[in-house]
Amino acid sequence: MKLRLAQTLDLPAMMAIVSQAQAALKAAGIDQWQNGYPTPEILLQDMDRKNAYVLVDQDEIIAMMTVIFNDEPTYDRIYDGAWLTTGAFAVVHRMAVADKRKQCGIASYLIGEVERMCRANHIPSLKMDTHKDNKPMRHLLEKCGLVRCGFILLRDGNPRIAYEKTIPT
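These remarks concern the structure in this document. (Residues numbered from 1 in each chain as written. Predicted model: local features only at pLDDT ≥ 70, side-chain atom pairs only at ≥ 80, totals over all residues. Heavy atoms only, no water.)

### Brief notes about the nonpolar core
Line of reasoning, step 1. In this structure, Met 65, Met 95, Ile 111 and Leu 126 are the most contacted members of the largest nonpolar core, which totals 29 residues.
Line of reasoning, step 2. Elements with a contribution of two residues or more to this core: β2 (52-57), β3 (60-69), β4 (90-97), α3 (106-120), β5 (125-130), α4 (135-143) and β7 (159-166).
Line of reasoning, step 3. With seven residues, α3 is the single largest residue contributor to this core.
Line of reasoning, step 4. Beyond its immediate stretch of four places on either side in the chain, Leu 126 contacts Ala 90, Val 92, Ile 111, Val 114, Glu 115, Leu 146, Tyr 163, Glu 164, Lys 165 and Ile 167.
Line of reasoning, step 5. Grouped together as the second largest cluster of nonpolar side chains are 18 residues, Ala 6, Ala 21, Leu 43 and Val 56 included. (Core = buried A, V, L, I, M, F, W, Y, C linked by side-chain atoms within 4.5 Å. Buried < 20%, exposed > 50% of the residue type's maximum accessible area, 1.4 Å probe, protein only. Helix = DSSP H or I, 4+ residues; strand = E, 2+ residues; numbered from the N terminus. Contact = heavy atoms within 4.5 Å.)

Below you can see the structure in the form of structure tokens.
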């Protein structure tokens, strides 16, 4: 498996994974990604900013995520808690795994790769958020050592549970 920056030609495969994730969330009764998010335009913007990544196995895209360093305005304020650290951080958004590769450790692998990026760039913190009803993601984050810190509000005002993990650099 190889994690690499996403390219424009990867967009159809990425949108197929997004569609699978949207269907799975809907089937689980989770009101997340049910409003057309993320759009192709958002993913292309991530690519332009060199923040979009795909995980490739034998020439097939099996997962995707966006990794942003030090820039997440919705994390400026946290409610009912506090971040573990201040200063530099990485944030992961729009992480999804193809249906046929779920339950194979791929999401944990992706988080491990972000931790590696953090160590390589001397970034001491990994932050993520998720919908309160997204129990599989909450379980994953806690399994990977992220700690629930409180909640943040998205730009549209919807709350998300906020997590953080300190990364030894």
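### Let's talk about helix α1 (residues 11-27)
Line of reasoning, step 1. When the terminal C-alpha atoms of α1 are compared, their 24 Å separation across 17 residues agrees well with the 24 Å that a helix rising 1.5 Å per residue should span.
Line of reasoning, step 2. What α1 keeps buried is the set Leu 11, Met 14, Ile 17, Val 18, Ala 21, Gln 22 and Leu 25. An end-on view of α1 places all buried positions within 140 degrees of arc, on one side of the element. Among the exposed residues of α1, those pointing more than 90 degrees away from its buried face are Pro 12, Lys 26 and Ala 27.
Line of reasoning, step 3. Residues of α1 that are buried make contact with α2 (40-48), β2, β3 and β4.
Line of reasoning, step 4. Of the residues flanking the end of α1, it is Gly 29, one or two places downstream, whose phi is positive at about 75 degrees. (Expected span 1.5 Å × (residues − 1). Arc of directions from axis to C-beta.)

### Notes on the packing of aromatic side chains
Line of reasoning, step 1. Scanning all chains against the criterion turns up four aromatic pairs.
Line of reasoning, step 2. Ring geometry for Tyr 79 versus Phe 151: centroids 5.2 Å apart, planes at 25 degrees, classification stacked. Taken together, the residues span a long stretch of sequence, with Tyr 79 in the loop between β3 and β4 and Phe 151 in strand β6 (residues 147-153) at a distance of 72 residues.
Line of reasoning, step 3. Through a chain of ring-to-ring contacts, three or more aromatic side chains come together here, namely Tyr 75, Trp 83 and Phe 89.
Line of reasoning, step 4. Lying over the aromatic face of Trp 83, Lys 127 brings its terminal NZ or CZ to 4.2 Å of the ring centre.
Line of reasoning, step 5. Here Lys 127 stacks its cationic end above the ring of Phe 89, 4.4 Å away from the centre of that ring. (Phe/Tyr/Trp six-rings, centres within 6.5 Å; stacked < 30°, edge-to-face > 60°. Lys NZ or Arg CZ within 6 Å of the ring centre and 35° of its normal.)

The quantities given are spatial measurements derived from coordinates; they are silent on function.
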